[in-house]
Amino acid sequence: MSEIQVLFVAGTHGNEVNASWLFDHWIENPEIIDTSRCDFSVLKVIGNNAARKAGKRYLDRDLNRCFTQELLNSEIENEYEINRAKDLVDIYGVNGSQPCQIVVDCHSTTSGMGSCLVVYGRRPLDLALASLMQNSLGLPIYLHESDCSQTGFLVESWPCGFVLEIGPVPQGLLHSEIINQTKLALETCLEQIRRVKEGKAVFPERIFIHRHLRSIDYPRDLNGLPSAVIHPERQNKDWELIKSGDPLFLTPTGEIISFMGCENVIPVFINEVSYVEKNIAMSFTIKESWQVLEDWKDCLFFMIGD
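Here's a quick rundown of the structure.

Rules and cut-offs
- Residues numbered from 1 in each chain as written.
- Predicted model: local features only at pLDDT ≥ 70, side-chain atom pairs only at ≥ 80, totals over all residues.
- Heavy atoms only, no water.
- Helix = DSSP H or I, 4+ residues; strand = E, 2+ residues; numbered from the N terminus.
- Rg over C-alpha atoms; globule rule 2.2 N^0.38 Å.
- Contact = heavy atoms within 4.5 Å.
- Areas by Shrake-Rupley, 256 points an atom, 1.4 Å probe, with all protein chains shown as cover.
- Phe/Tyr/Trp six-rings, centres within 6.5 Å; stacked < 30°, edge-to-face > 60°.
- Buried < 20%, exposed > 50% of the residue type's maximum accessible area, 1.4 Å probe, protein only.
- Pairing = 2+ DSSP bridges.
- Right-handed = clockwise from strand over helix to strand, strands pointing away.
- Disulfide = S-S within 2.5 Å.
- Axes fitted to C-alpha atoms, helices over the stretch in contact; angles between N-to-C directions.
- Expected span 1.5 Å × (residues − 1).
- Parallel < 35°, antiparallel > 145°, perpendicular 65-115°, else oblique.
- Nonpolar A, V, L, I, M, F, W, Y, C, P; charged D, E, K, R; others polar.

### Considering the overall build of the protein chain
Scanning the protein chain from terminus to terminus reveals seven helices and twelve strands. In terms of overall dimensions, the protein chain is globule-like: its C-alpha atoms have a radius of gyration of 20 Å, near the 19 Å expected for 306 residues. Seen through its principal axes, the protein chain has C-alpha atoms that stretch 65 × 45 × 40 Å. Long-range pairs, those at least 24 residues apart, make up 71% of the contacts in the protein chain with a sequence separation of at least 6. Here the protein chain displays about 13,700 Å² of accessible surface, and carbon together with sulfur accounts for 50% of that area.

Structure, rendered in structure tokens:
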């Protein structure tokens, strides 16, 4: 039997409460997500319990931006999230006391994009596992890359991993459907890993990727506050194609600010409340169909398989 261990993280942001609530009850009642058929270890942890108790997204800084090598190697001691990132890597990283090879970071979103997977860069292991998830559940895959302003994501500190985004749901609100969708995605992930380990995984020929192009900010006034809101024709229209001239923002005086750019652009994370502080009103993507490469499969079989 291989020594593979899978890490599930909830509550990386303290005000995203649904996955954390599920984990609390899963720990008390292991049958909630049955792992008895898994020939590997499944670990679960609350990422930012201090922020969760405080009812905040974070205390000092966004934990999901603290996993850069610069911060992990820093001597900063007075910021909770940096220390927490170091602890998670020291415990669950590949060289940690309880080393894990795969991580799934469970989040929720306030935007109307529903549920999806987020992968960072083009690591073959991530793309292979994500292809199995998409093939099973039909979840969109958002490939985040080429954005120097947004780095240090938790999953990048493990050999394989992705973010699970479930929504839409307001921050701090427990919602049965969000919990059920999170549970289903985690069960599916465990089942796909088990099939890979047994040599029974069925990969699709192709996956559909929404590749990140760039993010745009809200129009802002001289005080740095948003001077326009998302246009009602754009709100909750994540994953829908926009073309030049389509409305993006609406000012208090009724002026429409339109999209002026290339064709085939698809916005995601439209009006995500937690991204306002990051100066992101939405992110633009382009949808692409990629062949599932044999190298991806081989990498995943090599890491997981008996």
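### Describing the packing of aromatic side chains
Under the definition given, this model contains nine aromatic pairs. Aromatic pair F23 and W26: ring centres 5.7 Å apart, planes at 80°, arrangement edge-to-face. Within this pair, F23 and its partner W26 are both found in helix α1 (residues 18-28), separated by three residues, close to a single helical turn. By relative accessible area, which is 0% here, F23 ends up buried. Plain terms: the ring middles of Y142 and F269 are 5.9 Å apart, the flat faces sit at 55° to each other, and that makes the pair tilted.

### Details of the pairing of strand β12 (residues 282-291)
Pairing analysis gives ten bridges linking strand β7 (residues 206-216) to β12, with the strands arranged antiparallel. Of the residues in β12, the one forming a bridge with F208 is S289.

### Description of the pairing of strand β2 (residues 41-46)
Bridge count between strand β1 (residues 5-10) and β2: six bridges; the pairing is parallel. Bridging from a neighbouring strand, V9 pairs with V45 of β2. Where the polypeptide runs from β1 across α1 and back to β2, its parallel neighbour, the crossover connection is right-handed.

### Some words on the state of the cysteines
In total, this model carries zero disulfides according to the counting rule given. The thiol sulfur of C148 is not disulfide-bonded, and the nearest other cysteine sulfur, from C66, lies at 18 Å. We classify C148 as exposed; its relative accessible area is 77%.

### Digging into the sheet that holds strand β8 (residues 229-230)
The strand order β8-β9-β10 describes an open sheet built from three strands, whose pairing is antiparallel. For this open sheet the edge positions go to β8 and β10 (256-258), each flanked by a neighbour on one side alone. Here strand β9 (residues 247-250) runs beside β10; their pairing, made up of three bridges, is antiparallel. Bridged to F249 within β10 is I257.

### What about unusual backbone geometry?
That bond from G167 to P168 is cis: its omega, 0°, falls within 30 degrees of zero. Topologically, P168 is positioned in the loop between β6 (160-166) and α6 (176-197). A positive phi angle, near 50°, is found at F269, a position not held by glycine. Summarising the element assignment, F269 is placed in the loop between β11 (266-268) and β12.

### Brief notes about the sheet that holds β7
Taken in spatial order, the nine strands of this open sheet run β2-β1-β3-β6-β4-β5-β7-β12-β11, and their pairing is mixed. Each edge of the open sheet is held by one strand with a lone partner, namely β2 and β11. Geometrically, the sheet is characterised by an average inter-axis angle of 30° between neighbouring strands, direction not taken into account. Set on the sheet, α1 makes contact with β1, β2 and β3 (102-108); between it and β2 the angle comes to about 125°.

### A few points about α6
Counted at 1.5 Å a residue, the expected span for α6 with its 22 residues is 32 Å, and the 32 Å between its end C-alpha atoms agrees. Directly after α6, the chain includes G199, whose backbone phi takes a positive value near 75°.

### Re the packing of α6 against helix α7 (residues 294-304)
Running from N to C, α6 and α7 cross one another at 85°; their axes reach a closest spacing of 9 Å. With respect to α7, the axis of α6 lies roughly perpendicular. The segment α6 lies against α7, with I193, V196 and K197 engaging L300, F301 and I304. Residue classes in the contact of α6 with α7 are distributed as five nonpolar, no polar and one charged.

### Some thoughts on the side chain of R194
Within the fold, R194 resides in helix α6. For R194, a relative accessible area of 9% translates into the label buried. Filtering out sequence-adjacent residues up to four positions away, R194 remains in contact with R37, C38 and F40.

### Focus: the environment of Q291
With respect to the secondary-structure elements, Q291 resides in strand β12. On a C-alpha basis, the gap between Q291 and S157 in space is 26 Å, while along the polypeptide they are 134 residues apart. The contact partners of Q291, leaving out residues within four places of it in the chain, are E205, R206 and W296.

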